[in-house]
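Architecture at a glance
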Amino acid sequence: MNAKSARLRRLPVIGAVAAGAVLLLAGPASAHVSVQPGTAEKGGYSTIAFKVPNEKDNASTVKLEVTLDPKHPLASVMPQPVPGWEVKVEKAKLDKPLQMHGKTIDEAVSKITWTGGKIEPGQFQQFPLSVGQLPSDADELVFKALQTYSDDDVVRWIDPSKPGGGEAEHPAPTLKLVAKGAAAGKGDDHHDDKTSGKSADGKTESASAASDKSDGGSDTTARVLGVAGIVVGAAGIAFGVMAGRRRSA
C-alpha cells in the first residue's frame, strides 16, 4: 500500500473524529442548571427562572430542589405554577429579622422543591420565581440545586466558582447583582407579584419565554456546530468510500 492510499483510507476516520469533537464542544453550552436572566438590580425585585436541561439519553429529570442563599434571605419568594409539576416551599427562622414595608419578617423561604413532572431526554424546563427584595450589599446570590433523574441518579449543582474565573464541573446557579440601571435581564421596579412582562409590541410574554429569547443564541450556536460536525464526518466517510471504489476499479 502506497502513502497516497493510506492517506485516503484515513480520511473517513478523520472526518468522524472531527464530527465528534465539534459535538463535544457544542454540548456544554446549555448543559448546566442556570438562572435566567443571569443579572438583576440590587435592592429591587425580579422574576427569574431556573433553566434545567436533561443531560441523559436514557432517563428523565423528575425532581428539582433549590436551596436559597442563607447569607442573603429574601422576604418574598413566590413560584409561578409549572404545568405538570407540584411545588413545595419550605421556610426557616431568621437569626436577624428583616424589615419590609414597615413589617418585621422573622422567617424566609429556604428551599423550593418541584416534583411530579418529567423533563424528557433532549428537552429542558423552566421553573420561574418572583423574588425580592434583592440585597443591596452583595454582588451575587448563589443557589444550590439538586437534579434527580428517573434512574435515581442525583446531580448536585453546588460547586462554587473556581479562582481566576474558571468554571467548576457542577457550578451552582448564580444570579449576579448589579447597580440600578445596569442589569441586562428584566427586573421589576415595583413588586406587583406578576411573572409576565411586555414585549416591544405590547404583547404579554411569560418569564419562561423572555428568558428563552435571551438564551436562544447559545442554544442555536450549539445546534449549528453539532450539525456542522455531522456534515464534516459524513463527507469524510463518503469521500473514503468513493476513493476505495476507484482503487478497486
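Residues numbered from 1 in each chain as written. Predicted model: local features only at pLDDT ≥ 70, side-chain atom pairs only at ≥ 80, totals over all residues. Heavy atoms only, no water.

**Describing the overall build of the protein**
Let me state the cut-off plainly: Helix numbers and strand numbers start at the N terminus; a helix is a DSSP run of H or I with at least 4 residues, a strand a run of E with at least 2. We call two residues in contact whenever any of their non-hydrogen atoms come within 4.5 Å of each other. Calculation of accessible area relied on Shrake-Rupley with a 1.4 Å probe; when residues are assessed, cover is drawn exclusively from the protein chains displayed.
Looking only at helices and strands, the protein features two helices and 15 strands. Sequence separation of 24 or more characterises 73% of the internal contacts of the protein that already satisfy a separation of 6 or more. Total accessible area on the protein is roughly 14300 Å²; 56% of this is exposed by carbon and sulfur atoms.

**With respect to the sheet that holds strand 4 (residues 61-67)**
The condition that has to hold: Two strands pair if DSSP finds at least two bridges between them. What counts as an axis is a line fitted to C-alpha atoms, over the stretch in contact for a helix, and the angles between N-to-C directions run from 0 to 180 degrees.
Spatial strand order, 6-7-4-10-11: five strands in an open sheet with antiparallel pairing. Looking at which strands have only one partner, the edges of the open sheet turn out to be strand 6 (86-100) and strand 11 (154-157). Here the strands of the sheet are splayed against their neighbours by 15° on average, with no regard to which way each runs. Pairing of strand 10 (residues 144-149) with strand 11 involves four bridges; the strand directions are antiparallel. Bridge pairing in strand 11 places L146 opposite R156.

**What about the environment of S34?**
Definition in use: Residues adjacent in sequence count toward polar contacts only when both atoms are side-chain atoms; beyond that, a polar contact is any pair of N or O atoms within 3.5 Å, and within protein one must be able to donate a hydrogen and the other to accept it.
Along the chain, S34 turns up in strand 1 (residues 34-36). Sequence separation of S34 and A49 is 15 residues, and the distance between their C-alpha atoms is 8.3 Å. Residues in contact with S34, not counting those within four places in the same chain, are A49, F50, K51 and P173. In terms of polar contacts, S34 uses its side chain to reach the side chain of Q36, at 3.0 Å.

**Focus on the sheet that holds strand 12 (residues 174-178)**
Strand order in the open sheet formed by three strands is 2-12-9, with mixed pairing between adjacent strands. Of all strands in the sheet, those with a lone pairing partner are strand 2 (39-41) and strand 9 (140-142), marking the two edges. Here the strands of the sheet are splayed against their neighbours by 25° on average, with no regard to which way each runs. Where strand 9 meets strand 12, three bridges bridge the pair, whose relative direction is antiparallel. Its bridge partner lying in strand 12, E140 is registered against K176.

**Some points on the packing of aromatic side chains**
Note the cut-off: The pairing test for Phe, Tyr and Trp rings, Trp by its six-membered ring, is centres within 6.5 Å, and the orientation test on the planes gives stacked under 30 degrees, edge-to-face over 60, and tilted for anything in between. Type-normalised accessible area, obtained with a 1.4 Å probe on protein chains alone, sets the label of each residue: buried when under 20%, exposed when over 50%, and partly exposed for intermediate values.
Applying the stated rule across the entire model yields three aromatic pairs. Ring geometry for F50 against F143: centres 5.2 Å apart, planes inclined by 85°, an arrangement best described as edge-to-face. With F50 in strand 3 (residues 45-53) and F143 in the loop between strand 9 and strand 10, the pair connects residues that are 93 residues apart, well separated along the chain. By relative accessible area, which is 0% here, F50 ends up buried. Relative accessible area serves as the criterion here: at 3%, F143 is assigned to the buried category. Each ring, one from W85 and one from F127, has its centre 5.1 Å from the other, and the planes form 90°; the classification is edge-to-face.

**Remarks on the nonpolar core**
Note the threshold: Residues grouped as a nonpolar core are buried Ala, Val, Leu, Ile, Met, Phe, Trp, Tyr and Cys residues, joined through side-chain atoms within 4.5 Å.
W114, F127 and F143 are the most contacted members of the largest nonpolar core, which totals 31 residues. Put simply, the parts of the chain that give this core at least two residues each are strand 3, strand 4, strand 7 (103-119), strand 8 (124-132), strand 10, strand 11 and strand 12. Per-element tally for this core: the top contributor is strand 7, with four residues. Once residues within four sequence positions are removed from consideration, F127 is found in contact with I48, A49, F50, V52, L64, V82, W85, W114 and I119.

**Concerning the pattern of salt bridges**
For side chains of opposite charge, pairing can occur when their charged atoms come near one another. Our working rule: Within this document, salt bridges are pairs made up of a side-chain nitrogen of Lys or Arg and a carboxyl oxygen of Asp or Glu, the two lying within 4 Å of each other.
In total, this model carries seven salt bridges according to the counting rule given. For the salt bridge of D139 with K42, the shortest nitrogen-to-oxygen distance reads 2.9 Å. Here the residue D139 occupies a position in the loop between strand 8 and strand 9, and K42 occupies one in the loop between strand 2 and strand 3, the gap between them amounting to 97 residues. On the basis of relative accessibility, which here comes to 53%, the residue D139 falls in the exposed class.

By themselves these figures say nothing about function.
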